[in-house]
Structure formats: C-alpha cells, structure tokens
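Below, each chain spelled out in residue letters.
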Amino acid sequence: QVQLVESGGGLVQAGGSLRLSCAASGRFFIISTMAWYRQAPGKQRELVAAVPSGGGTKYGDSVKGRFTISRDNAKNTAYLQMNNLQPEDTAVYYCNANMYIVPGKSSDYWGQGTQVTVSP
C-alpha cells in the first residue's frame, strides 16, 4: 500500500503562516513530481505548487511569492510553507505524488486533504 498523509492545516488569521507536510509511505520505486492542490467549496481543484524530482518548482499565480514548496527525498516528504495567508486561501489542501511503483509505470496518488482556514 502507498499512502500520503498531510499534516499542518488549521485556522490562522490573515497575514499568518502555516507549514504543511506530506509524508509518503509504503513501497514504491521512486517519487517523481510532488505537488499541492487545493479546492474551495464550489470551485475547481487548482494547482498550488509542484516540485519535480529533477529540480525546479511551479506555482499557481495566486500563491506565487507567498508560498514555497520543498521536498526531503530522504524522508519522502513534501512541504508547503505558506506565508501571508489570506482568506481566499481557505480551502482543503491535497498532497499529490506521481509515483513509480515499479520502473516504467507511474500513477498519481492523493492524500486525504487537510483543511486550511484563514480568517480576516
């Protein structure tokens, strides 16, 4: 079994910060891209940030400059540092990982999500 477990969500006032963690466990060959998505009620799920195994990062326009994604390959963990949070950041945040369970074939896996609520 492969599992992604998010942690670090919660309630914070506007301007505050949170750090989300996503830990992958189970048996897999390698994790390619790790990413964070979010979904607010009535809205489409959107990409927040992504970090490929080969380097580089990608951010959604709405969070660029405020959020930072990183990963610790030794711990199979991705992080999302969220600074200057705003009420519009309120959403369920999902960890996503593209994993190769065996060489040559990858699949996307999702965490259960963690709620982030930003109050004025």
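The preceding data block contains the structure.
Structure report, in brief.

Scoring rules and cut-offs
- Residues numbered from 1 in each chain as written.
- Predicted model: local features only at pLDDT ≥ 70, side-chain atom pairs only at ≥ 80, totals over all residues.
- Heavy atoms only, no water.
- Helix = DSSP H or I, 4+ residues; strand = E, 2+ residues; numbered from the N terminus.
- Rg over C-alpha atoms; globule rule 2.2 N^0.38 Å.
- Buried < 20%, exposed > 50% of the residue type's maximum accessible area, 1.4 Å probe, protein only.
- Contact = heavy atoms within 4.5 Å.
- Areas by Shrake-Rupley, 256 points an atom, 1.4 Å probe, with all protein chains shown as cover.
- Lys, Arg positive; Asp, Glu negative; His and termini not counted.
- Charge placed at Lys NZ, Arg CZ, Asp CG, Glu CD.
- Disulfide = S-S within 2.5 Å.
- Core = buried A, V, L, I, M, F, W, Y, C linked by side-chain atoms within 4.5 Å.

1. A look at the overall build of the chain
Part 1: Secondary structure summary: the chain contains zero helices and eleven strands in total.
Part 2: Going from the N terminus to the C terminus, the chain shows its helices and strands as β-β-β-β-β-β-β-β-β-β-β.
Part 3: For 120 residues, the compact-globule estimate of 2.2 N^0.38 gives 14 Å, and the chain sits close to it at 14 Å.
Part 4: With the C-alpha coordinates of the chain rotated into their principal frame, the extents come out at 45 × 25 × 25 Å.
Part 5: Burial status across the chain gives 39% buried among its 120 residues.
Part 6: If you take every contact in the chain between residues at least 6 apart in sequence, the share linking residues at least 24 apart comes to 55%.
Part 7: If you sum the accessible surface of the chain, you get close to 6600 Å²; carbon and sulfur atoms cover 47% of it.
Part 8: Here the chain contributes 11 positively and 7 negatively charged side chains, and the mean placements of these two sets differ by 6 Å.

2. Things to note about the state of the cysteines
Part 1: Under the criterion given, the structure shown has one disulfide.
Part 2: A sulfur-sulfur distance of 1.9 Å marks the disulfide that ties Cys22 to Cys95. The chirality of the disulfide connecting Cys22 with Cys95 is left-handed, given an S-S dihedral of about -80 degrees. Separated by 73 residues along the polypeptide, Cys22 in strand S3 (residues 18–26) and Cys95 in strand S9 (residues 91–102) bring together distant segments of the chain.
Part 3: Exposure remark for Cys22: the relative accessible area of 0% places this residue in the buried category.
Part 4: Cys95 sits in the buried class, given a relative accessible area of 0%.

3. A look at the nonpolar core
What tends to happen in soluble globular proteins is that the nonpolar side chains get buried as a cluster.
Part 1: Judged by nonpolar contacts, the single largest core of 29 residues is most densely connected at Met34, Trp36, Val48, Phe67, Leu80, Met82 and Tyr93.
Part 2: When residues in this core are grouped by element, the largest group, five residues, is from S9.
Part 3: In contact with Val48, other than residues within four places in its own chain, are Trp36, Tyr37, Arg38, Lys58, Tyr59, Gly60, Val63, Phe67, Leu80 and Tyr93.

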